[in-house]
Amino acid sequence: MDNGEVGIVNIFPPQETVSIFDTTLRDGEQSPGATLYKHEKLEIARQLARLGVDIIEAGFPAASPGDLDAVAEIARTVGTPDGPVIAGLARANRGDIAKAWEAVRHAAKPRIHTFIATSDIHMEHKLRMTREEVIRCVREMVAFARSFCDNVEFSPEDAGRSDPRFLYEVLAAALESGATTLNIPDTVGYTTPWEFGELIRLIIENTPGLKDKVANGEVIISVHTHDDLGLATANALAGVRNGARQVECTINGIGERAGNCSLEEVVMALYVRQPFFGLRTNIVTTEIHRTSDMVSRYTGIPVPPNKAIVGANAFAHEAGIHQDGMLKHKRTYEIMDASLVGVPESRLVLGKHSGRHAFRVRLEQLGYHLSPEQLDEAFRRFKALADKKKYVADADIEALVGEQLYQPVETWHLEQVQVICGNKNIPTATVVLRRHDGEVLSATGTGTGPVDAAYTAIRQIVQVPNRLIEYTVQSVTEGIDAVGDVTVRIEGEAGDERLNPQTGSTHRIYSGRGVDTDIIVASAKAYVQALNRLIAAKEERRAFVAIS
Ligand code: KIV
Ligand code: ZN
């Protein structure tokens, strides 16, 4: 067994590579509330390219003209000859496949990813198709996709619960029709690593014509796992041990229900346990932390503090016994350096006397390279925070800069919020908002508490129907002057739904995030941000309806 010693980033001996297929922008975006709009998707795609992913599944173009447009833009700008493959998802029908092609054809390396369910329960209740009909559909649709594109991925949805003998037939049909990647999804996260690893082995062994094509690299076997039983990463790794050479995953493991296999976990498992797996990836591991932060801020899905690799506590050693061991020898309780995944090791704290130069250097060490204008704004925010808080930690700086950089289009900007509350008062808030055209509006509201009162006042100004469905507050650092980080989720009204390609259902949930030393201010910022997302989504949809 290896002893957990790890070296410098990405200097593997030449070995077989596992391709990393990132589906944050497709399966990840299927998490309720993770709705992203175009410029956010583009920025995430650019960051995924910097991270070194091999394939970006940029979206589901048939969902709406807006989704098609976003995938096309990613294909054009990120899918350069030396960039990643850009994939678009399509159900196994001509309309979806044609739309996927319309979007991804702009990439230097396009891929169409088409899927149909193969488990008895899905075929009977969702598709209402017989096994024969499914096989016929696979033949026709994979061939149809190949008529556009040399690079076609096929997925038998719910493979984890499908009859393996039927799977071999379906996969053989896809292979004969020209599929170049066969992706095996455990759609509902039902299997265990033993079963899933064995399934991959049996598929390679028993699908007619597959073994040779896998051996000579003509066809890649891929794994796509979900985390309903907390086994997504373990299952993906079991698949890799049994011959899969593509892993489908998302940043922070976001995705449908309990989420997908998390990119950072699978990549770091392959990295840290390299002597065990004998495989490499193309991931630039030092970009992991920043990518995680960007995805969390844009999707409004916070990273749990105990999340492996990217959680705030992933490299914190609090228990006295651990600290003692760590001081004697780092590797006693740490199997990898935080710097390996892009978390700066030095915990330098800044204060109100720190100058612009020290601030800029710290930002660069944290991986933020800002334009002069962005730096001015960030420094202004830093000074304002340092006036309220004795020591400004890295986490505070990241929260501030994240809030500044990852803002949706601002229809409304919070100018002021003031509350009166206490055990003898009716909580009352006065809020002042500035609209993008410069008009400043104010309102006063009451509520069950100061946050509720502020939200009532905001609703009176913005006048967009919505329902608050979730409110959470976290402290960024410790202490009485800690920065509060608030996330809210709101539901919009009918008419701005997003289609889920698998279940056929729709959702219209938007999230917002705000940080401030004052929890009420952070809460108001978060709500205004969520409303800005809702308004932008409505307008994007309206613009496309007007064009088409
Ligand atoms: O989980 C799943 O089955 C999917 C497919 C569309 C690949 O996301
Ligand atoms: Zn999935």
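Structure shown above.
This report concerns the structure included in the present document.

Cut-offs and rules
- Residues numbered from 1 in each chain as written.
- Chains lettered and ligands numbered in written order.
- Predicted model: local features only at pLDDT ≥ 70, side-chain atom pairs only at ≥ 80, totals over all residues.
- Heavy atoms only, no water.
- Near = heavy atom within 4 Å.
- Polar contact = N/O pair within 3.5 Å; in protein donor to acceptor, adjacent residues only side chain to side chain.
- Areas by Shrake-Rupley, 256 points an atom, 1.4 Å probe, with all protein chains shown as cover.
- Helix = DSSP H or I, 4+ residues; strand = E, 2+ residues; numbered from the N terminus.
- Nonpolar A, V, L, I, M, F, W, Y, C, P; charged D, E, K, R; others polar.
- Contact = heavy atoms within 4.5 Å.
- Donors = N, O, S within 2.8 Å, 3.2 Å for Na, K, Ca; no water.
- Buried < 20%, exposed > 50% of the residue type's maximum accessible area, 1.4 Å probe, protein only.
- Pairing = 2+ DSSP bridges.
- Axes fitted to C-alpha atoms, helices over the stretch in contact; angles between N-to-C directions.
- Salt bridge = Lys/Arg side-chain N within 4 Å of Asp/Glu carboxyl O.

### Section: the site of ligand 1
- Looking at ligand 1, the residues that line it are Arg26, Asp27, His113, Phe115, Ser155, Glu157, Asn183, Pro185, Thr187, His224, His226 and Gln502.
- In the environment of ligand 1, an oxygen atom lies 3.1 Å from a nitrogen or oxygen atom belonging to the side chain of aspartate 27.
- In this structure, histidine 224 approaches ligand 1 through a side-chain N or O atom, which is 3.1 Å from an oxygen atom.
- Computed on the free molecule, ligand 1 has an accessible area of 260 Å², of which 100% lies beneath the protein chains in the complex.
- Those elements giving two or more residues to the shell around ligand 1 turn out to be strand S4 (110-117), strand S5 (152-157) and strand S6 (181-186).
- Considering only residue class, the shell around ligand 1 consists of two nonpolar, seven polar and three charged.

### A look at the side chain of aspartate 516
- Locating aspartate 516 in the fold gives a position in strand S16 (residues 509-516).
- Only 2.9 Å separates the side chain of aspartate 516 from the backbone nitrogen of aspartate 518, close enough to count as a polar contact.
- Beyond its immediate chain neighbours, meaning those up to four positions away, aspartate 516 contacts Lys388, Val483, Gly484, Val521, Ala522 and Lys525.

### A look at the coordination of the zinc ion (ligand 2)
- Donor atoms from the polypeptide that coordinate the zinc ion (ligand 2) comprise Asp27 (OD), His224 (NE2) and His226 (NE2), at 2.0 to 2.1 Å from the metal.
- Sequence positions of the donors to the zinc ion (ligand 2) reduce to the motif D-x196-H-x1-H. Taken together, the positions of aspartate 27 in the loop between strand S1 (19-22) and helix H1 (38-51) and histidine 224 in strand S7 (residues 220-225) put the pair 197 residues apart, joining distant regions of the chain.
- Looking at histidine 224, the relative accessible area reads 5%, which means it is buried.

### Some details on the sheet that holds S4
- With parallel pairing, eight strands are arranged side by side around a closed barrel as S1-S2-S3-S4-S5-S6-S7-S8. With direction set aside, neighbouring strand axes in the sheet form an average angle of 25°.
- Both S1 and strand S2 (residues 55-59) contribute to a ladder of two bridges, which runs parallel. Paired with phenylalanine 21 across the bridge in S2 is isoleucine 55.
- Sitting on the sheet, helix H3 (residues 94-104) touches strand S3 (85-91) and S4, and the angle it makes with S3 is about 160°.
- Docked against the sheet, helix H6 (residues 164-176) engages S5 and S6, running at close to 165° with respect to S5.

### Re the pattern of salt bridges
- The tally for this structure, following the rule as stated, stands at 36 salt bridges.
- A salt bridge links arginine 360 to glutamate 364; the nearest nitrogen and oxygen atoms lie 3.2 Å apart. In this pair, arginine 360 and glutamate 364 both sit in helix H14 (residues 356-365), four residues apart, roughly one turn of the helix.
- Note on glutamate 364: relative accessible area 34%, which makes it partly exposed.

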